[in-house]
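A closer look at the structure
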Amino acid sequence: MKGKYYLTSESVGNGHPDKVCDQISDAILDAVLRDDPQGRVACETFITTGLVIVGGEITTKTYINVQKIVRRVLTDIGYTDHKYGFNAATCGVLNAIVGQSPDIAQGVDTGGAGDQGIMIGYACDETPELMPLPIVLAHKLVQRIEEVRKNGTLKYLGPDCKSQVTVEYEDGTPKRVDAVVLACQHTEEILDKTGKKITDEARNEIIKTIATPILGKLTDSQTKYYVNETGKFVVGGPQSDTGMTGRKIIVDTYGGVVSHGGGAFSGKDPTKVDRSATYMARYVAKNIVAAKLAKKCWVQFSYVIGRADPVSVMTDTFGTGKISEQDLVDLVRKNFDLTPRGIIRDLDLQKPIYQKTAVYGHFGREEFSWEKTSKAAVLEKAALALR
């Protein structure tokens with residue numbers, strides 16, 4: 001895009017109610033895969049004041065203690081004191097899990113996709129992670145909030161938090177951070193005498209401790225900071241907002257920079273192409289950009305339930321590609337196995353890795369197999385042969 005424009009992305013911390021649910025659903029998935037790599041899981045979680053409901057469909061040879069898993073996740077997050085409005089030790093936990101439909105299983109057992117759908121992948125060269133800058137910064141801010149909460153630097157912080165970052169671009173290049181939003185749950189000790197807002201001292205401390213180390217020279221004297229803009233954020237977490245699995249799909253992906261296929265990830269085993277094929281789409285897009293075949297690359301796959309090969313494959317390099325889109329699609333089909341079994345095998349997805357993905361984004365983190373650039377050299381060589 002030419003000229004000056006502003007792009008905004010948000011992230012939410014591990015104590016946000018929706019993210020609590022994502023982590024519980026993925027912790028249950030991990031518990032199944034740890035003992036039964038072939039287990040089928042579609043697990044949804046709902047959380048509200050004093051109550052967690054876990055439902056969905058699971059077929060497995062192992063036993064999982066849902067109560068124990070739920071309370072462990074809540075404890076690890078930090079919901080261990082009634083002052084935060086939710087307590088892992090005393091909340092109710094309702095288990096409503098049933099088995100997977102045999103109608104779905106008969107299509108998946110033969111290697112077909114577990115559902116129909118559209119899956120999107122993206123990569124760009126504006127950050128070392130090959131991710132858009134706004135979502136990278138937003139994730140780092142909520143990670144920093146968790147860090148200073150747990151290490152005691154800011155002892156008054158609670159588990160719930162959100163961030164939002166607006167980046168100014170010029171001719172497609174990020175130039176500076178224009179605005180920063182920090183919503184941090186806190187105890188009453190940092191309220192002013194009116195009890196309606198946090199003190200200026202606390203506001204400045206939050207900015208200095210959280211934003212400054214992450215944003216550094218990307219900020220300037222014109223950068224705007226918005227900290228708990230209603231005045232205070234004492235009541236938070238599930239006491240304040242109901243949470244559900246799969247409601248932060250833009251936070252989980254590219255921060256709204258590109259389209260989304262619509263399917264959520266957490267609580268789904270890798271036979272569900274909503275998750276696994278989206279991971280493969282990121283792997284494909286990232287390797288295309290890493291091979292310098294494009295500065296930006298958007299990838300779309302579509303599948304139908306019970307069939308292995310994708311119904312369609314599409315790329316869009318936004319005019320930055322070194323070869324035609326059709327040639328790029330041909331390279332993708334020749335060099336990547338896009339069947340569910342091929343994706344699971346090549347990305348090594350039948351391992352208990354998923355709870356880690358459930359917060360701070362599924363992409364741009366080198367610990368995951370779909371972030372490797374192991375195909376870049378192959379793609380680069382194949383593209384040279386076409387020129």
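Residues numbered from 1 in each chain as written. Predicted model: local features only at pLDDT ≥ 70, side-chain atom pairs only at ≥ 80, totals over all residues. Heavy atoms only, no water.

It is at 10 Å that the axes of helix α1 (residues 17-35) and helix α2 (residues 66-77) come closest, and there the two elements cross at 130°. If you check the angle between α1 and α2, you find them oblique. Every pair of crossing elements has a handedness; the one defined by α1 and α2 is right-handed. Together, V20, Q23, I24, A27, I28 and A31 of α1 and V66, I69, V70, R72, V73, L74 and I77 of α2 make up the contact between the two elements. Here the contact of α1 with α2 is built from residues that sort into 11 nonpolar, 1 polar and 1 charged. (Axes fitted to C-alpha atoms, helices over the stretch in contact; angles between N-to-C directions. Helix = DSSP H or I, 4+ residues; strand = E, 2+ residues; numbered from the N terminus. Parallel < 35°, antiparallel > 145°, perpendicular 65-115°, else oblique. Left-handed = near helix turned anticlockwise from the far one by under 90°. Contact = heavy atoms within 4.5 Å. Nonpolar A, V, L, I, M, F, W, Y, C, P; charged D, E, K, R; others polar.)

Along the polypeptide, S266 turns up in the loop between α7 (249-252) and α8 (273-290). The spatial distance from the C-alpha of S266 to the C-alpha of G246 is 6.4 Å, given a sequence separation of 20 residues. Residues within four places of S266 in sequence aside, it is in contact with D22, S25, D26, C43, T245, R275, A358 and H362. Of note is the side chain of S266, whose polar atom sits 2.9 Å from the side chain of D26. (Polar contact = N/O pair within 3.5 Å; in protein donor to acceptor, adjacent residues only side chain to side chain.)

One open sheet holds the 3 strands; their spatial order is β7-β12-β13, and the pairing between them is antiparallel. The sheet is open, and its two edges are formed by β7 (117-124) and β13 (312-316), each paired on a single side. Across this sheet, the average inter-strand angle for adjacent strands is 15°, counted without regard to direction. Sheet topology places β7 next to strand β12 (residues 296-303); 8 bridges connect them, and they run antiparallel. (Pairing = 2+ DSSP bridges.)

This brings us to the nonpolar core. The nonpolar side chains of soluble globular proteins are, as a tendency, buried together. L74 and F301 are the most contacted members of the largest nonpolar core, which totals 79 residues. No other element matches the 10 residues that α8 contributes to this core. Setting aside residues up to four positions removed in sequence, L74 forms contacts with V20, I47, V52, Y79, F86, A88 and C91. C161, V167, V180 and V359 belong to the second-largest nonpolar core, a separate cluster that totals 32 residues. (Core = buried A, V, L, I, M, F, W, Y, C linked by side-chain atoms within 4.5 Å. Buried < 20%, exposed > 50% of the residue type's maximum accessible area, 1.4 Å probe, protein only.)

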